[in-house]
Amino acid sequence: MSNVLILADFVAEKCTKSTVELATAGAGIGEVTALVLAPVGKGAAFAASITQGPITKVLVIESDDFARHGVAAAADALAHVTQELQPAGVLVVSHAFGKEVAGRVAMKLKIGIITDAVEVSTDFTATQLVFGGSTTVHSKVAQGCAIITVRPNTITANFVAATPVIENTTAPISDCSKKATLTSSEPPVQGGRPELTEANIVVSGGRGTNGDFAAVEAFADSLGAAVGASRAATDAGWYPHSHQVGQTGKTVSPALYVACGISGAIQHRAGMQTSKMIVVVNKDPEAPLFELADFGVVGDLFTVLPPATEGVQARKA
């Protein structure tokens with residue numbers, strides 16, 4: 001039976017839903033082995049947080065080089081395990097860190113790479129949405145092992161209880177990688193909200209907020225949602241760039257996406273149009289984003305959102 005290697009993904013030392021999605025995709029191909037990269041002394045706790053998903057084995061590598069040298073050290077470790085395990089393919093979460101690690105591994109091992117897949121079939125054919133989502137492409141590495149990055153929230157996760165065998169292993173970190181310095185990292189999510197690419201619900205604000213995101217944040221908090229922003233809003237300094245949804249920001253595929261005061265330029269549409277349900281709130285009835293909407297509200301977000309927030313809170317009471 002084929003073996004599929006996945007790079008386990010963690011936020012605040014907890015395994016993410018994206019790891020379960022990778023495992024679900026991999027289980028359709030063969031037995032899934034998850035690689036855990038952890039600081040010294042944290043490997044057991046990281047591995048113990050993998051409680052869901054069809055994962056057969058967990059390999060744990062502990063090294064403080066992962067914190068010191070970031071993607072360079074992670075890529076060395078993943079490349080070494082890939083060479084040792086010889087899997088049918090490797091799956092990684094398609095965020096900034098995952099894509100850079102995947103690219104480095106592909107170069108080190110001289111293997112093919114496919115990024116931003118929304119589906120992976122049993123023969124390792126990857127489905128991608130390109131040109132702003134207007135075209136669907138099916139790609140496959142012609143020969144040998146492939147490394148594929150998978151967009152979060154596009155695979156229906158199988159949350160079966162995970163009872164994997166856990167093994168500790170090691171991997172050499174090259175001197176070249178040890179010269180790399182981790183100079184930036186993803187800022188922590190404020191207010192206890194979920195991480196943008198992991199969230200099942202995202203509420204985003206755009207130019208229509210006029211810089212005031214209070215109503216957007218209040219509505220998001222009532223739903224337990226992440227907060228996003230359009231490029232116009234982040235470029236204006238109204239919201240951090242780490243929350244930008246779009247072609248040059250983050251790509252999200254939540255169960256529910258609520259766009260508030262966002263006209264819907266192609267750049268923004270490319271980052272959210274694979275959402276399962278799209279709700280648009282805009283006072284301009286001709287806003288292009290209404291073309292994608294499952295439900296639309298023509299109205300000022302400052303008039304629409306407060307009673308909607310109250311309604312959600314009343315339902316919870």
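Please refer to the structure higher up on the page.
Note that the coordinates shown come from a computational prediction; the quantities given were computed from them, not determined experimentally. (Residues numbered from 1 in each chain as written. Predicted model: local features only at pLDDT ≥ 70, side-chain atom pairs only at ≥ 80, totals over all residues. Heavy atoms only, no water.)

Draft legend 1. Spotlight on the pattern of salt bridges. All chains considered together, the criterion is met by 13 salt bridges. Measuring nitrogen to oxygen at the nearest pair gives 3.6 Å for the salt bridge that ties lysine 57 to glutamate 167. On the criterion of sequence distance, the pair formed by lysine 57 in strand 5 (residues 57–62) and glutamate 167 in strand 11 (residues 165–168) is long-range, its members being 110 residues apart. One salt bridge connects aspartate 76 with lysine 108, and the closest N-O pair in it is separated by 2.6 Å. Taken together, the residues aspartate 76 in helix 3 (residues 65–85) and lysine 108 in helix 4 (residues 96–109) connect sequence positions 32 residues apart. Taking relative accessible area as the criterion, aspartate 76 reaches 7% and is therefore assigned buried. Residue lysine 108 is classed as partly exposed on the basis of its relative accessible area of 39%. A single salt-bridge network, built from bridges that share partners, covers Arg193, Glu217 and Asp221. (Salt bridge = Lys/Arg side-chain N within 4 Å of Asp/Glu carboxyl O. Helix = DSSP H or I, 4+ residues; strand = E, 2+ residues; numbered from the N terminus. Buried < 20%, exposed > 50% of the residue type's maximum accessible area, 1.4 Å probe, protein only.)

Draft legend 2. Structural context of the side chain of aspartate 65. Relative to the helices and strands, aspartate 65 resides in helix 3. The contacts of aspartate 65, once residues within four sequence positions are left out, are Gly70, Ala73, Ile173 and Lys178. (Contact = heavy atoms within 4.5 Å.)

Draft legend 3. Representation of the nonpolar core. Ile6, Val36, Leu91 and Ile148 are the most contacted members of the largest nonpolar core, which totals 31 residues. Only strand 1 (3–7), helix 1 (17–27), strand 4 (31–38), helix 2 (43–48), strand 5, strand 6 (89–93), strand 7 (112–120) and strand 10 (146–150) provide two or more residues apiece to this core. It is strand 4 that provides the largest number of residues to this core, a total of 4 residues. Discounting chain neighbours no more than four positions away, the residues touching valine 36 are Ala8, Phe10, Phe46, Ile50, Val58, Leu59, Val60 and Ile61. Counting 27 residues, the second-largest nonpolar core is a separate cluster that includes Leu5, Ala75, Val101 and Cys145. (Core = buried A, V, L, I, M, F, W, Y, C linked by side-chain atoms within 4.5 Å.)

By themselves, these are just geometric observations and shouldn't be taken as functional.
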